[in-house]
Amino acid sequence: MKRLLFICCALWLAFGSASAQKVKTGIGVLKKQNFKILEGLRVGLVTNPTGVDNDLRSDVDILHAAKNVKLVALFGPEHGVRGNVHAGDAVANDSDPATGLPVYSLYGKYRTPSDEMLKNIDVLVYDIQDIGCRSFTYISTLANIMKAAARNHIKVVVLDRPNPLGGKKVEGCITEDDCISFVSQFKVPYIYGLTPGELARLLNDEGLLGEKCDLEVVKMKGWKRSMTYGDTGLKWVLSSPHIPEASSAPFYTVSGIVGELDSINIGVGYTIPFQTFAAPWIKATELADRMNALRLPGYTFRPIYYSPFYSKYKGRQLQGVQVHFTNYRKARLCDVQFYILQELYKLYPNHDILKQAGQRAGMFDKVCGSKKIRELFLRRHRWKDVKAYWDKDADKFKKLSRQYYLYK
């Protein structure tokens, strides 16, 4: 009997329990409502592998099987509907092997649905797990379907999901006109502190997309702004190949901007994407000592030595630091990579990776949302010279965005 009890406890600890899930996402709420808002409508679904219910069943299968829903087409963002396309590679038009439905690419020749794609559709349903960062392309896809829907007088339904960074962190300047791109498509901070549904409401009502669309958000149940993804009890489905765990999402904002310079390995190609800063010319203990001496709230930096399996410096022995959170709620996310740039320049002035960025400087600027960040930093290589500019829009945006909150 004791052995049986031990096995049951072990299984519960290993696999969790349904009761541990504190949040029901938009697709779960829609199911509970028996898909009433989609009844009698021809539905186009914009999704990828993250579009699942609390039992990890795909939205594609759920809506295809629903008797009162007519699912007629699928739309694939970056990485595709089934997640089988590498980052940056074009997604092709295809048909879904499981349902036979046509799949239209929104990351190839077209990034906005064409009128032809939408001619037999009454409503576009969007369900993709975002990571709360402006440069992650799914929110650009969301904006593009809203524009196309407004043009074609089609309704948009956003099935809401948690922001894995929580709903309280806002960092970075808003995108400036000369840096508008698919990785910074609209004027919001780099970290914007909203769920996909809340962001859609703000973009729509603030006129950031031009003509307004007919928008409805299916709210989650149980989510609070103070929650990390771990607090939700939900299982994570990788939102891209290099965001394999919910814990990867905040690290993307810690290192992703500097990662665009392509001079440092940030853990992409190794087992801990976005958690490191390493190169052949760095001495691990030197950099770790410098970073820990800054006493950045919420962080500690550990020396690390590794050889990437692919990507930057594939197969070469690297040294650097691994970033660890000691108190996530106290941590400013974006600042770390700029302090890394500062300390690297002090230690290794011959490796001025920002000045030597070449063509990658343009992508760095686009992800930052401003050329001023690079220009100000290069004057003296000190983050304190830049920080005020980086922070200048955050408080104003927080005040604006509060009116679009759906959750406390």
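Residues numbered from 1 in each chain as written. Predicted model: local features only at pLDDT ≥ 70, side-chain atom pairs only at ≥ 80, totals over all residues. Heavy atoms only, no water.

Per an unreviewed UniProt entry, the recorded name for the protein chain is DUF1343 domain-containing protein, and the organism is Prevotella illustrans.

### Regarding helix H5 (residues 138–152)
Within an α-helix, residues lying three or four positions from one another point in the same direction, as the helix has 3.6 residues per turn. Taking 1.5 Å of rise per residue, 15 residues should cover 21 Å, and H5 covers 21 Å from first to last C-alpha, within 8% of that figure. Most of H5 is tucked away: 12 of the 15 residues are buried. For H5, every residue scored as buried is listed here: Tyr138, Ile139, Ser140, Thr141, Leu142, Ala143, Asn144, Ile145, Met146, Ala148, Ala149 and Ala150. Lining the buried residues of H5 we find strand S1 (42–47), helix H4 (115–118), strand S5 (123–127), strand S6 (155–159), helix H6 (196–205) and strand S7 (214–218). Trailing H5 by a residue or two, His153 shows a phi angle of about 55°, which is positive. (Helix = DSSP H or I, 4+ residues; strand = E, 2+ residues; numbered from the N terminus. Expected span 1.5 Å × (residues − 1). Buried < 20%, exposed > 50% of the residue type's maximum accessible area, 1.4 Å probe, protein only. Contact = heavy atoms within 4.5 Å.)

### Let's talk about empty space enclosed by the protein
In this structure the tally under the stated criterion is 2 cavities of 30 Å³ or more. Looking at the largest cavity, its volume works out to about 100 Å³. Forming the walls of the largest cavity are 14 residues, and the residues nearest its centre are Val52, Arg161, Tyr229, Leu234 and Lys235. Of the residues contributing to the lining of the largest cavity, the split by class is 6 nonpolar, 5 polar and 3 charged. Computed from the structure, the second largest cavity encloses a volume of approximately 40 Å³. Every residue lining the second largest cavity is listed: Leu341, Leu344, Tyr345, His351, Asp352, Ile353, Leu354, Phe377 and His381. Ranked by residue count, the leading element in the lining of the second largest cavity is helix H10 (residues 335–347), at 3 residues. Of the residues that constitute the lining of the second largest cavity, the class distribution is 6 nonpolar, 2 polar and 1 charged. (1 Å grid on protein atoms, 1.4 Å probe; cavity = no way out; pocket = protein on both sides within 12 Å on 5 of 7 lines; lining within 4 Å. Points joined across faces, edges and corners; volume = space filled by probe spheres on them. Nonpolar A, V, L, I, M, F, W, Y, C, P; charged D, E, K, R; others polar.)

### Some thoughts on the sheet that holds strand S3 (residues 94–95)
Strand pairs in the sheet, formed through backbone hydrogen bonds, run parallel or antiparallel to each other. Here 7 strands make up an open sheet; going across it, the order is S3-S4-S2-S1-S5-S6-S7 and the pairing mixed. Unpaired on one side and paired on the other, S3 and S7 mark the two borders of the sheet. When S5 meets S6, the two strands line up parallel, connected through 4 bridges. Each bridged residue has a counterpart across the sheet, and for Tyr126 the counterpart in S6 is Val158. Each of S1, S5, S6 and S7 touches H5; the most contacted strand, S5, lies at about 170° to it. In the packing of H6 onto the sheet, contacts are made with S6 and S7, and the angle to S7 comes to roughly 160°. (Pairing = 2+ DSSP bridges. Axes fitted to C-alpha atoms, helices over the stretch in contact; angles between N-to-C directions.)

### Some points on the packing of aromatic side chains
For the structure on display, the rule yields 17 aromatic pairs. Considering the side-chain rings of Phe136 and Tyr252, the 5.4 Å spacing of their centres and the 80° angle between planes classify their relative orientation as edge-to-face. Taken together, the residues span a long stretch of sequence, with Phe136 in the loop between S5 and H5 and Tyr252 in helix H8 (residues 248–259) at a distance of 116 residues. What makes Tyr252 buried here is its relative accessible area of 12%. Taken together, a centroid distance of 6.0 Å and an interplanar angle of 50° make the contact between Tyr190 and Trp390 tilted. Taken together, the positions of Tyr190 in the loop between S6 and H6 and Trp390 in helix H13 (residues 387–391) put the pair 200 residues apart, joining distant regions of the chain. (Phe/Tyr/Trp six-rings, centres within 6.5 Å; stacked < 30°, edge-to-face > 60°.)

### Some details on the sheet that holds strand S10 (residues 318–325)
Strand order across the open sheet formed by 3 strands is S8-S10-S9, with antiparallel pairing between neighbours. This sheet does not close on itself; its edge strands, each paired only once, are strand S8 (276–279) and strand S9 (299–306). Neighbour-to-neighbour, the strand axes of this sheet turn through a mean angle of 20°, independent of strand direction. Sheet topology note: the S9/S10 ladder contains 8 bridges and is antiparallel.

### Looking at the pattern of salt bridges
Between side chains of opposite charge, a pair can form when the charged atoms approach closely. Taken as a whole and assessed by the stated rule, the structure comprises 21 salt bridges. The partner of Arg151 in a salt bridge is Asp115, and the shortest N-O contact between them spans 3.0 Å. With a gap of 36 residues between them, Arg151 in helix H5 and Asp115 in helix H4 connect regions that are remote in the sequence. Under the relative-accessibility criterion, Asp115 is labelled partly exposed at 41%. (Salt bridge = Lys/Arg side-chain N within 4 Å of Asp/Glu carboxyl O.)

### A look at the pairing of S5
The element S5 is extensively covered by neighbouring structure, given that 5 of its 5 residues are classed as buried. Alternating residues of S5 divide into Val123, Val125 and Asp127 and Leu124 and Tyr126, and every residue in both groups is buried. Where S1 meets S5, 5 bridges bridge the pair, whose relative direction is parallel. Its bridge partner being in S5, Val43 is matched across the sheet by Val123. Handedness of the S5-H5-S6 crossover: right-handed. (Right-handed = clockwise from strand over helix to strand, strands pointing away.)

### Some words on the packing of H8 against H10
Interhelical geometry of H8 versus H10 gives an angle of 45° and a closest axis separation of 7 Å. The angle between H8 and H10 places the two elements in the oblique class. On the side of H8, the interface is formed by Thr253, Val254, Ser255, Gly256, Ile257 and Val258, while H10 contributes Val336, Gln337, Phe338 and Leu341. Here the residues of the contact of H8 with H10 sort into 6 nonpolar, 4 polar and no charged. (Parallel < 35°, antiparallel > 145°, perpendicular 65-115°, else oblique.)

### Examining the UniProt feature "domain: Peptidoglycan beta-N-acetylmuramidase NamZ C-terminal" (unreviewed entry) in the protein chain
UniProt's feature table lists "domain: Peptidoglycan beta-N-acetylmuramidase NamZ C-terminal" (unreviewed entry) at residues 252–407, given in the numbering used throughout. Helix makes up 40% of residues 252–407 and strand 13%. Its end C-alpha atoms lie 24 Å apart. (UniProt positions renumbered as here; feature names shortened; annotations may be inferred.)

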